[in-house]
Each structure stands twice: as C-alpha cells, then as structure tokens.
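# Commentary on secondary and tertiary structure
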Amino acid sequence: MDEHSLLASFESTIGRHERIEPRDWMPEGYRKTVVRQVAQHAHSEIIGMQPEGQWIGRAPSLRRKAILLAKVQDEAGHGLYLYSACETLGVSRAELTEMLIEGRQKYSSIFNYPALSYADVGTIGWLVDGAAICNQVPLCRTSYGPYGRSMIRICKEESFHQRQGFELLATMMRGTDEQRAMVQESVDRFWWPALMMFGPPDDDSPNTAQSMAWGIKRNTNDDLRQRMVDMTVPQAAVLGVTLPDPDLKWNEERQSYDFGAPDWDEFKAVISGNGPCNTQRIAHRRRAHEDGAWVREAALAFARRSNEESHE
Ligand code: FAQ
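This text gives an overview of the structure that appears in the document. Only a predicted model underlies this, so the values are computations on that prediction, with no experimental measurement involved.

Calculation criteria
- Residues numbered from 1 in each chain as written.
- Predicted model: local features only at pLDDT ≥ 70, side-chain atom pairs only at ≥ 80, totals over all residues.
- Heavy atoms only, no water.
- Helix = DSSP H or I, 4+ residues; strand = E, 2+ residues; numbered from the N terminus.
- Rg over C-alpha atoms; globule rule 2.2 N^0.38 Å.
- Contact = heavy atoms within 4.5 Å.
- Areas by Shrake-Rupley, 256 points an atom, 1.4 Å probe, with all protein chains shown as cover.
- Lys, Arg positive; Asp, Glu negative; His and termini not counted.
- Charge placed at Lys NZ, Arg CZ, Asp CG, Glu CD.
- Near = heavy atom within 4 Å.
- Polar contact = N/O pair within 3.5 Å; in protein donor to acceptor, adjacent residues only side chain to side chain.
- Nonpolar A, V, L, I, M, F, W, Y, C, P; charged D, E, K, R; others polar.
- Core = buried A, V, L, I, M, F, W, Y, C linked by side-chain atoms within 4.5 Å.
- Buried < 20%, exposed > 50% of the residue type's maximum accessible area, 1.4 Å probe, protein only.
- 1 Å grid on protein atoms, 1.4 Å probe; cavity = no way out; pocket = protein on both sides within 12 Å on 5 of 7 lines; lining within 4 Å.
- Points joined across faces, edges and corners; volume = space filled by probe spheres on them.
- Salt bridge = Lys/Arg side-chain N within 4 Å of Asp/Glu carboxyl O.
- Phe/Tyr/Trp six-rings, centres within 6.5 Å; stacked < 30°, edge-to-face > 60°.
- Lys NZ or Arg CZ within 6 Å of the ring centre and 35° of its normal.

Turning our eyes to something else, we now look at the overall build of the protein chain. A count of helical and extended segments in the protein chain gives 13 helices and 2 strands. Relative to the 2.2 N^0.38 estimate, which gives 20 Å for 312 residues, the radius of gyration of the protein chain is 21 Å and therefore close to what a compact globule would have. For the protein chain, the spread of C-alpha atoms along the principal axes amounts to about 70 × 50 × 35 Å. Taking as baseline every contact in the protein chain between residues at least 6 positions apart, the subset at least 24 positions apart corresponds to 76%. Carbon and sulfur atoms make up 55% of the accessible area of the protein chain, which totals about 15700 Å². The centroid of the 36 positive side-chain charges in the protein chain is displaced by 4 Å from the centroid of its 44 negative side-chain charges.

Printed below as a string of structure tokens:
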C-alpha cells in the first residue's frame, strides 16, 4: 500500500475507535506522541516511588509498613508495564532511562514535592492516586493497544491505592487533635499540586487537540481537572478536612463545583526543573541506575551463557 492508503486506513481505524497495534502502520507523529506520553507516565511511576518510599522504614506499625511496601512495589510494576508498552514502539527501556536521567523526558510535576510528614502517605494515596485514576480511567480506551491494556490493570491497582490513602487519613482524623492538624497541613500542601497533575489549562495545552484527534487522550486537561474536583469535594467532607480554596463552591447551573486557578507560574517552574525536589529526585534515580549496573551486566552474562549452553 502507498503512504496515502496507509494513512487512510490508520484514520479509519481511529475513526471507528478501534485500537492501533504495534504491527500496524502509523504516522511518525503518532508514534512519537505515544512514546512521549507513555514514557512520561512510566517515569512518573518510577520517580513516584521516592516520596512515599522514604516512609517505609518509618511507618508506625507493621500493618502500615506492609501496606506501604506493597503500594510502592505496585508503582514499580506500573512503570515496568508502561516501559514495555513503549518498547513495542521501538524504544528500549535503557534508552528511556537515559532520557529520564539526562532530563530529556519529563515525569509528573507532583513528584517534585516532598513528603514531609507521615500524613503525606495518606494524602498521596487519596489525592495523587485519586488524580491518577481520573486521568487514567479514560486512558483504558486510548487508541494505542498496549497502552490501553496496561491502563486497565494499572487502574484497578490505583483505585486500591486511593482507598488505602483515604482509610489512612480517616484513621488519623479519628485520632488526636495533633493527628487531625497533620492531615489538614498535608492536604493544604498537596491540593494545588494534585490539580496541576492534569496539565496546563486547555487554552495553553499545545498537545491536547492533536492527541484527542488521534484518540490518544480521550478528554481535555480542564475536563479531567473538573472531574477530580467534583469527585473529591464530597470525600473531603466525609473526612472532615477543608480544601484550601476560598473560591470552591457548588454551581447549581453547571451541576459542578467552581474552583480557583492553580498557580501556573509554579507549575511551569516545576516542569522546567525548578521544583522543590527535582534535583534530588533525578540524582537518586541516577544513583540507583548506576548502583544497579552490576545486576544488568550479570543478567546479560547469564543470558549469554544459557544461550551458548543451549546451542552446544
Ligand atoms: N507534569 O500539551 P500538554 C501517578 C507537560 S502517574 C509534568 O497538556 P499532554 C501514579 C507535557 O508533557 C502520573 N509535565 O501535554 C502514582 C508537555 O510537555 P512536552 C502521571 C507536564 O501530554 C501515584 C507540556 O507540559 N500520569 O500519579 C504535566 O497532552 C502515586 C504541555 O502539556 C500520566 O503521565 C505534569 N503534570 O497532557 C505513582 C498520565 N502536565 O512533553 C506514584 C498520562 C503537562 O511537550 C504515587 N499523561 N506536562 O515537553 C497524560 O494524560 C498527559 O500526558 C498529561 C499532559 C495530561 C499529563
């Protein structure tokens, strides 16, 4: 088939809301956009292990430690499914890791904020995994097959993560005044960065229109941010915490909450490398990668030897 017919067939697959699979022809721009988004998503899962991971050794009970360990391990798993989805488009995990540690690919802004108190473990589960679910449930229907299929499993685990965060915060809210103050202080710090996870406002989002036309994204950034606010306000009321937004109020006409604007200058600073923890997150990832070099070398040597033995 010539390029014109290949493009027509690709567009008709997208038009029927069917999947594009690795063996299918696709425009180079589509391939690059999927690689960019999926790699950024994979890096977010891997870097996202750091803020909560710091609390594993300081969890207040064996039960809390086991839960946190399992959650952080799930995030590693999500990163690996997503790197595998990316590899189907011809980029290796090694190349993607290099791009991350050299700052050539992004990861979610949220993981450049520190986890300062144990309540942050609960808030990350409730608000960060909550935002991840709002964003990722529609991505189960994304047009690229391997990405959509990995999203289905990831979303099941994220919804468990969100509930564990809510349960942790609810337990603290039933505790002492000091614990309630810790939860409120944590929610105050995480609310706006959680809303920034959805990306810039639609009129300042260069990729949304094309990504939606290709079915890579199913909703705009502002649409998903609104869903997050509408989902979270009633949950905050159940917990008994206040969301730090004086403009937050129910709009009867829209049947949705009105809310204030995040600080977009702060968002731009964070995604261009100047957030509170950017340097430390990448330095930690780079160190872990270098420290793991001997494992990769040993695995390769073992694979080579097994291969030679099977040919003897
Ligand atoms: N952070 O034109 P748009 C998780 C960049 S997983 C950093 O709107 P797009 C699980 C964007 O890349 C969280 N950069 O871009 C977990 C672009 O720059 P570029 C990760 C951001 O792609 C929980 C530029 O700004 N989830 O949390 C951000 O159409 C707890 C212009 O933006 C995903 O990755 C941001 N927040 O829409 C793990 C979901 N927003 O690349 C551990 C999949 C925008 O041109 C613990 N991704 N940028 O240089 C998406 O849905 C989309 O990529 C968006 C951005 C919505 C994030």
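There is more to say, and it comes next.
The next thing to look at is the site of the ligand. Looking at the ligand, there are 35 residues lining it, with Gln 40, Lys 106, Ser 205, Lys 217 and Asn 221 nearest. Interatomic distance of 3.0 Å between a side-chain N/O atom of Arg 36 and an oxygen atom of the ligand. Backbone polar atom of Pro 206 to an oxygen atom of the ligand: 3.3 Å apart, as the coordinates give it. Here the ligand, which alone exposes 1100 Å², has 91% of that area covered by the protein. When residues of the shell around the ligand are traced back to their parent elements, those giving at least two are helix 2 (28-47), helix 4 (62-87), helix 6 (119-136), helix 7 (145-173) and helix 11 (264-274). When its residues are assigned to classes, the shell around the ligand shows 13 nonpolar, 13 polar and 9 charged.

Counting residues in hydrophobic clusters, the biggest one holds 77 residues, and the most contacted among them are Tyr 30, Trp 126, Tyr 144, Val 183, Val 241 and Leu 243. Sorting elements by how many residues they give to this core places helix 7 first, with 9 residues. Not counting residues within four places of it along the chain, the set of residues in contact with Trp 126 comprises Gln 162, Gly 165, Phe 166, Leu 169, Val 187, Thr 232, Gln 235, Ala 236, Leu 239, Val 241 and Leu 243.

Let's shift gears to the environment of Ile 20. The residue Ile 20 is located in the loop between helix 1 (3-15) and helix 2 in this model. Apart from the residues within four sequence positions on either side, Ile 20 is in contact with Phe 10, Thr 13, Ile 14, Met 26, Tyr 30, Ser 143, Tyr 144, Gly 145 and Pro 146.

Here we come to the layout of surface pockets. For the largest pocket, the calculated volume is near 1100 Å³. Looking at the largest pocket, it is lined by 48 residues, and the ones nearest its centre are Gln 40, Asn 135, Met 197, Phe 198 and Gly 199. Contributions of two or more residues to the lining of the largest pocket are made by helix 2, helix 4, helix 6, helix 7, helix 9 (208-213), helix 10 (221-239) and helix 11. Ranked by residues supplied to the lining of the largest pocket, first place goes to helix 6 with 7 residues. In the lining of the largest pocket, the residues fall into 17 nonpolar, 18 polar and 13 charged.

Glancing now at the pattern of salt bridges. This structure, assessed with the given rule, holds 17 salt bridges. Linking Glu 102 and Arg 104 is a salt bridge whose minimum nitrogen-to-oxygen distance equals 2.8 Å. Residue Arg 104 is classed as exposed on the basis of its relative accessible area of 54%. With a shortest N-O distance of 2.8 Å, Asp 258 and Arg 254 are connected by a salt bridge. The class of Arg 254 is partly exposed, set by a relative accessible area of 41%. A single salt-bridge network, built from bridges that share partners, covers Glu 52, Lys 71, Glu 75 and Asp 129.

Let's shift gears to the packing of aromatic side chains. For the coordinates displayed, the defined rule picks out 7 aromatic pairs. Ring centres 6.4 Å apart and planes at 85° place the aromatic pair Phe 10 and Trp 25 in the edge-to-face group. Remark: Trp 25 occurs in the loop between helix 1 and helix 2 and Phe 10 occurs in helix 1; sequence separation between them is 15 residues. Measuring from centroid to centroid gives 5.7 Å for Tyr 30 and Trp 214, while their planes differ by 85°, and the two rings are edge-to-face. Taken as a pair, Tyr 30 in helix 2 and Trp 214 in the loop between helix 9 and helix 10 lie far apart in primary sequence, 184 residues in all. Exposure class is identical for Tyr 30 and Trp 214. Each is buried. Aromatic ring contacts, followed pair by pair, group Phe 10, Trp 25, Tyr 30 and Trp 214 into a single cluster. The ring of Trp 55 carries the charged tip of Arg 58 above its face, separated from the ring centre by 4.0 Å.

Attention now moves to empty space enclosed by the protein. One pass over the structure, following the stated rule, counts 1 cavity of 30 Å³ or more. By volume, the largest cavity is sized at about 30 Å³. Taken together, Arg 64, Ile 67, Leu 68, Tyr 118, Val 121, Gln 164 and Leu 168 make up the lining of the largest cavity. Listing elements by their share of the lining of the largest cavity, those giving two or more residues are helix 4 and helix 7.

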